[in-house]
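# Examination of the molecular architecture
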Amino acid sequence: MTCPALRIVSATKRYGTLQALAGVDLEVAQGEFFGLLGPNGAGKTTLISALSGLVRPDGGIFEVMGHNVVTDYRNARRKLGVVPQELVFDPFFSVRELLRIQSGYFGIRGNDDWIDEILANLDLTAKAGANMRMLSGGMKRRVLVAQALVHRPPVIVLDEPTAGVDVELRQGLWQFIRKLNRDGHTIVLTTHYLEEAEALCGRIAMLKAGRVVALDTTENLLRRFASHALRVRLERPENASALGATLSDSGWAEFALERYEDVEPALARLREAGGRILEMRLGEADLERVFVEVMNRA
Ligand SMILES: Nc1ncnc2c1ncn2[C@@H]1O[C@H](COP(=O)(O)OP(=O)(O)OP(=O)(O)O)[C@@H](O)[C@H]1O
């Protein structure tokens, strides 16, 4: 039987009076593209830091490819590549030097072929000799990705890797990450760009105040909540809630519908109540709506 890529059982962590992790259970299978979502302060980075040994949890079990992060730290760490959220570098090294030093931490010498391949895939070849302090924010973020990959870890955790990266490079980055996933790497991603998570992740966990409040396939999450939305701008928006719709900040009344057939009864209800429609749109539910609903209910 193959072990999970990540196994987290009853993880707890407290900072003073703040419960950053309040009992998290999570298992990610090998080969998954997994999303870890949650509002600011939900505990995502704390969970990742505990996996990589940067934060000592108060309780719980953390395993990477079957290796316990505390009792078998070296092996667990070798199996894991973490792209941290913070851009922290020694500014005096060049990109290549930095990647060679990082390889050295894992006892790997003569790693230049792999380093060249990573640099090419991240569109950094031309910057290999440049000092870190000369790179833009987006380039530094790509170097963080490169750094996480030098030891060819089977599990890669990316903590908001596209913050501050422009659209073109973001797409290039995703292409590369997708390729790594196709090649068998397990990917765990945290991001606030929910459309990215929706497009990339097969399964998603949503965290709130240190707890998992939703955990399912992306497809099921989208389906679990109404899958379609009928949005109408009413002459008298104040009537929206009496008609069973929710009124958005932008003034649109929204009916959550399971199927397209439900459009007609919703319109009939409006007509019977004498609601006059000024504008109408029909759309699919997206992860952003699901996220907002999950967070409101939790
Ligand atoms: N070193 C620390 N000392 C004290 N409190 C901390 C520390 N690190 C994190 N916290 C607190 O723990 C909680 C969880 O933080 P964490 O960084 O894990 O959240 P996050 O989900 O990654 O948020 P974001 O989306 O903003 O990155 C927050 O309330 C944060 O202020």
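Residues numbered from 1 in each chain as written. Predicted model: local features only at pLDDT ≥ 70, side-chain atom pairs only at ≥ 80, totals over all residues.

### Side note on the overall build of the protein chain
The secondary structure content of the protein chain amounts to 10 helices and 14 strands. Each principal axis of the C-alpha distribution contributes one length, and for the protein chain these read about 75 × 45 × 40 Å. Each of the 298 residues in the protein chain was classed as buried or not, and the buried ones make up 35%. Long-range pairs, those at least 24 residues apart, make up 69% of the contacts in the protein chain between residues at least 6 apart in sequence. (Helix = DSSP H or I, 4+ residues; strand = E, 2+ residues; numbered from the N terminus. Buried ≥ 20, exposed ≤ 12 C-beta atoms within 10 Å, placed from the backbone. Contact = placed C-beta atoms within 7 Å.)

### A few points about the domain arrangement of the protein chain
Domain assignment breaks the protein chain into domain 1 (6-222) and domain 2 (227-284). A straight line from the C-alpha centre of domain 1 to that of domain 2 covers 41 Å. (Domains from an automatic or database assignment.)

### Comments concerning helix H9 (residues 263-272)
Judged by how many residues are buried, H9 sits mostly at the surface: 1 of 10 residues are covered. Immediately downstream of H9, the backbone of Gly274 shows phi near 75 degrees, a positive value.

### Some thoughts on the nonpolar core
Among the nonpolar cores identified, the biggest contains 64 residues, and Leu51, Ala146 and Val157 are the most heavily contacted of them. Among the elements that take part in this core, helix H5 (residues 137-149) stands out by supplying 6 residues, more than any other. Listed in part, the 9 residues of the second largest apolar core include Ala229, Leu230, Val232 and Leu234. (Core = buried A, V, L, I, M, F, W, Y, C linked by C-beta atoms within 7 Å.)

### Description of the sheet that holds strand S9 (residues 203-208)
The mixed open sheet is built from 6 strands, whose spatial order is S6-S7-S8-S3-S9-S10. If you trace the sheet from one side to the other, it starts and ends with strand S6 (80-83) and strand S10 (211-217), each paired once. Strand-to-strand twist in this sheet, taken as the mean axis angle between neighbours without regard to direction, amounts to 15 degrees. Examined bridge by bridge, S9 and S10 share 6 bridges and lie antiparallel to one another. Counted as the bridge partner of Lys208 is Arg211 from S10. Those strands touched by helix H1 (residues 44-51) are strand S3 (33-37), S6, strand S7 (155-159), strand S8 (186-190) and S9, and its axis lies near 145 degrees from that of S7. Contacts between H5 and the sheet are confined to S6 and S7, with S6 contributing the most and set at about 170 degrees to the helix. (Pairing = 2+ DSSP bridges. Axes fitted to C-alpha atoms, helices over the stretch in contact; angles between N-to-C directions.)

### Here we look at the environment of Ala128
Within the secondary structure, Ala128 sits in the loop between helix H4 (112-121) and H5. Excluding residues that lie within four positions of it along the chain, Ala128 makes contacts with Ser94, Val95, Arg96 and Leu119.

### Quick look at the site of the ligand
Surveying the vicinity of the ligand reveals the residues Tyr15, Leu18, Ala20, Gly38, Asn40, Gly41, Ala42, Gly43, Lys44, Thr45, Thr46 and Gln85. Secondary structure elements with two or more residues in the shell around the ligand: strand S2 (18-28) and H1. For the shell around the ligand, the element with the most residues is H1, which contributes 3 residues. Each residue belonging to the shell around the ligand can be placed in one class, and the counts come to 4 nonpolar, 7 polar and 1 charged. (Near = placed C-beta within 6 Å. Nonpolar A, V, L, I, M, F, W, Y, C, P; charged D, E, K, R; others polar.)

### Quick word on the environment of Gly43
Tracing the backbone through its elements, the reader meets Gly43 in the loop between S3 and H1. Along the sequence, Gly43 and Pro84 sit 41 residues apart, while their C-alpha atoms lie 14 Å from each other. Among residues more than four places away in sequence, those in contact with Gly43 are Ala20, Leu21, Gly38, Leu207 and Gly210.

### Focus on the environment of Ala146
With respect to the element layout, Ala146 can be found in helix H5. On the neighbour-count criterion, Ala146 (20 C-beta atoms within 10 Å) is buried. Distance from Ala146 to Glu288, taken between C-alpha atoms, is 30 Å for residues 142 residues apart in sequence. Apart from the residues lying within four places of it in its own chain, the contact partners of Ala146 are Leu99, Ile118, Leu119, Leu122 and Leu124.

### Notes on the pairing of S3
Most of S3 is tucked away, with 5 of its 5 residues classed as buried. Neither face of S3 is open: one carries Phe33, Gly35 and Leu37, the other Phe34 and Leu36, and all of them are buried. Bridge count for S3 against S8 is 4 bridges, and the pairing is parallel. The residue of S8 that forms the bridge with Leu36 is Thr190. As defined by bridge partners, S3 adjoins S9 across 4 bridges and the pair is classed as parallel. Considered in S9, the bridge of Leu37 is made with Met206.

### Remarks on the sheet that holds strand S13 (residues 253-257)
Taken in spatial order, the 4 strands make up an open sheet running S12-S13-S11-S14, and their pairing is antiparallel. Single-partner strands in this sheet number two, and they are strand S12 (246-247) and strand S14 (277-284). Relative to S14, strand S11 (residues 228-234) runs antiparallel, the two being bridged by 7 bridges. Pairing of Val232 across the sheet is with Met280, part of S14. Packing against the sheet, H9 makes contact with S11, S13 and S14, and its axis sits at approximately 145 degrees to S13.

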